[in-house]
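# Understanding the architecture of this molecule
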Amino acid sequence: MDSTVDPAADGVWDAVGTISSAKGVDHHQPRNDEEWQAVRRHAVTLAEAMNVVMIDGRHAAPPGTKAGLGEQEPARMETAIKANPAQFNQFATATRDVAVEMIGAIDHRDTQALMTLGGTLDDRCEACHVTYWYPNSPRPKT
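Residues numbered from 1 in each chain as written. Predicted model: local features only at pLDDT ≥ 70, side-chain atom pairs only at ≥ 80, totals over all residues. Heavy atoms only, no water.

### Some points on the packing of aromatic side chains
Formally: Pairing of aromatic rings covers Phe, Tyr and Trp, the last counted by its six-membered ring, and requires centre-to-centre distances within 6.5 Å; plane angles under 30 degrees mean stacked, over 60 mean edge-to-face, and any other angle means tilted. Think of it this way: any DSSP run of H or I at least four residues long counts as a helix, any run of E at least two long counts as a strand, and we number them from the N terminus. The classification of residues rests on relative accessible area computed with a 1.4 Å probe and restricted to protein chains. Under 20% of the type maximum is buried, over 50% is exposed, and intermediate values are partly exposed.
The tally for this structure, following the rule as stated, stands at three aromatic pairs. Consider the rings of Phe88 and Tyr132, whose centres lie 5.5 Å apart with planes at 80 degrees: the pair is edge-to-face. With Phe88 in helix H4 (residues 85-107) and Tyr132 in helix H5 (residues 111-133), this residue pair connects regions lying 44 residues apart in the sequence. Accessibility expressed as a relative area gives 4% for Tyr132, which makes it buried.

### Let's talk about the nonpolar core
Heads up, the rule is: Buried Ala, Val, Leu, Ile, Met, Phe, Trp, Tyr and Cys residues that are joined via side-chain atoms within 4.5 Å together make up what is termed a nonpolar core. Pairs of residues are marked as contacts when any of their non-hydrogen atoms sit within 4.5 Å.
Within the largest apolar cluster, 30 residues are counted, with the highest numbers of intra-cluster contacts made by Leu46, Met102, Leu114 and Leu121. Mapped by element, the contributors of at least two residues to this core are helix H1 (5-13), helix H2 (33-53), H4 and H5. Take this core: its biggest share by element is nine residues, from H4. For Leu121, the residues in contact, after removing those within four places along its chain, are Ala9, Val12, Trp13, Leu46, Thr95, Val98 and Met102.

Below, the structure is given as structure tokens:
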């Protein structure tokens, strides 16, 4: 996750956005073929990484990885994944599907669709994270 999924997701999330400051409003987006190609590479990497995480026997984290604050130990994550691989694969497939949609938005140079899909990607990532990565975190009251 740390080597492929996170950098790829960050690459598509960071590609578009609106930043308001005292200097005005900046609509950050790819502006030329090279920038669009770089974002596309991130989306393709994310889609392919989701195929890889579903390979039986893949580790949630490299051996010896320590859990961060509020995180579950990697061995416990793996136990939870092995207990219900179908559910884990549903999370990975849903994430892969949104990455593929992002590729389409990128190919059409549709910054609004890419921004919207970035929100969908965040929702799909978070659904998996609260199930496996930090399942005991307090949840906001709805």
